Amino acid sequence: MLERVITTPDPYEPFLLSQGIKVGGLLFISGQAGAGDDGKIVRGGFLAQGEQAFANLRRALEAGGSSLKHVIKVTIFVTDMGHFDDVVTLRRKFFSAPYPADTIAEIKALYTPDAMIEIEAIAAVAGAPAVADGQER
């Protein structure tokens, strides 16, 4: 059964998107950009946007019963791969070993020209039984 994850505020609602979807023991989080509660991209450059994007990711994960430490896979979209070292700095700040699997991709643009980074994630739901080879553990 699919369960919708809702945060407050929920900037995705007007666009008919979910912050995330929980199914079984997994949580799928929509891309989180560096927007503040007012929906506007924060000022201060790439690292400021990245920190806000991770804060938004944390909020969505927690709303779905998970956390940054339960992230299995992230996809990080950037508009300039010149910020790769900054992405590594952000990963070091917000994740710990074992680090999640990761894809980093440079794209032409995000949903607004001001956005420089967006992060989506798949996480385990805290307390959910682990499933491997079709067997619950």
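Residues numbered from 1 in each chain as written. Predicted model: local features only at pLDDT ≥ 70, side-chain atom pairs only at ≥ 80, totals over all residues. Heavy atoms only, no water.

**Concerning the pairing of strand β3 (residues 26–33)**
Here comes step 1: Inspection of the sheet shows strand β2 (residues 20–23) paired to β3 by four bridges, in the antiparallel sense. Counterpart to Ile-21 in the pairing with β3 is Phe-28.
Here comes step 2: Taking the residues that link successive antiparallel strands as the turn, the β2-β3 hairpin has two residues, and the phi of Gly-24 there is positive, at about 55°.
Here comes step 3: As defined by bridge partners, β3 adjoins strand β6 (residues 117–124) across six bridges and the pair is classed as antiparallel. (Pairing = 2+ DSSP bridges. Helix = DSSP H or I, 4+ residues; strand = E, 2+ residues; numbered from the N terminus.)

**A look at the packing of aromatic side chains**
Here comes step 1: Counted by the stated rule, this structure contains two aromatic pairs.
Here comes step 2: Taking the centre distance of 5.4 Å and the plane angle of 75° together, the rings of Phe-54 and Phe-95 count as edge-to-face. In this pair, Phe-54 is assigned in helix α1 (residues 46–63) and Phe-95 in the loop between α2 (84–94) and β5 (101–106), connecting sequence segments 41 residues apart. With respect to class, Phe-54 is no different from Phe-95; both count as buried.
Here comes step 3: An aromatic cluster is present here, built from Phe-54, Phe-94 and Phe-95 joined pairwise through their rings. (Phe/Tyr/Trp six-rings, centres within 6.5 Å; stacked < 30°, edge-to-face > 60°. Buried < 20%, exposed > 50% of the residue type's maximum accessible area, 1.4 Å probe, protein only.)

**Details of the nonpolar core**
Here comes step 1: Grouped together as the largest cluster of nonpolar side chains are 23 residues, with contacts concentrated most on Phe-54, Leu-57, Leu-61, Ile-117 and Ile-119.
Here comes step 2: Among the elements of the structure, β3, α1, β4 (71–78), α2 and β6 are those that each provide at least two residues to this core.
Here comes step 3: Top element by residues in this core is α1. It accounts for six residues.
Here comes step 4: With near-sequence residues (within four places) excluded, Ile-117 lies in contact with Gln-32, Ala-33, Gly-34, Phe-46, Gln-49, Gly-50, Ala-53, Ile-76, Phe-77, Val-78, Leu-90 and Leu-110. (Core = buried A, V, L, I, M, F, W, Y, C linked by side-chain atoms within 4.5 Å. Contact = heavy atoms within 4.5 Å.)

**Focus: the packing of α1 against α2**
Packed helix pairs are characterised by how far apart their axes lie and by the angle those axes make with each other.
Here comes step 1: Running from amino to carboxyl end, α1 crosses α2 at an angle of 35°, the nearest separation of the two axes being 10 Å. The interaxial crossing formed by α1 with α2 has right-handed handedness. In this structure, α1 contributes Phe-46, Leu-47, Gly-50, Glu-51, Phe-54 and Arg-58 to the contact, and α2 contributes Asp-86, Val-87, Leu-90, Lys-93 and Phe-94.
Here comes step 2: Residue composition of the contact of α1 with α2, grouped by class: six nonpolar, one polar and four charged. (Axes fitted to C-alpha atoms, helices over the stretch in contact; angles between N-to-C directions. Left-handed = near helix turned anticlockwise from the far one by under 90°. Nonpolar A, V, L, I, M, F, W, Y, C, P; charged D, E, K, R; others polar.)

**Considerations on the pattern of salt bridges**
Here comes step 1: Tallied over the full model, the rule gives four salt bridges.
Here comes step 2: Here Glu-3 ties to Lys-22 by a salt bridge, and the two come within 3.8 Å at their closest N and O atoms. With a gap of 19 residues between them, Glu-3 in strand β1 (residues 3–5) and Lys-22 in strand β2 connect regions that are remote in the sequence.
Here comes step 3: Between Asp-37 and Arg-59 there is a salt bridge, with its nearest N and O atoms 2.9 Å apart. A residue pair is termed long-range when its members are at least 10 positions apart, and Asp-37 in the loop between β3 and α1 and Arg-59 in helix α1 qualify at 22 residues.
Here comes step 4: The exposure class of Asp-37 is exposed, given its relative accessible area of 56%.
Here comes step 5: Among the residues examined, Arg-59 registers a relative accessible area of 25% and is labelled partly exposed. (Salt bridge = Lys/Arg side-chain N within 4 Å of Asp/Glu carboxyl O.)

Shape descriptors only; they carry no functional weight alone.
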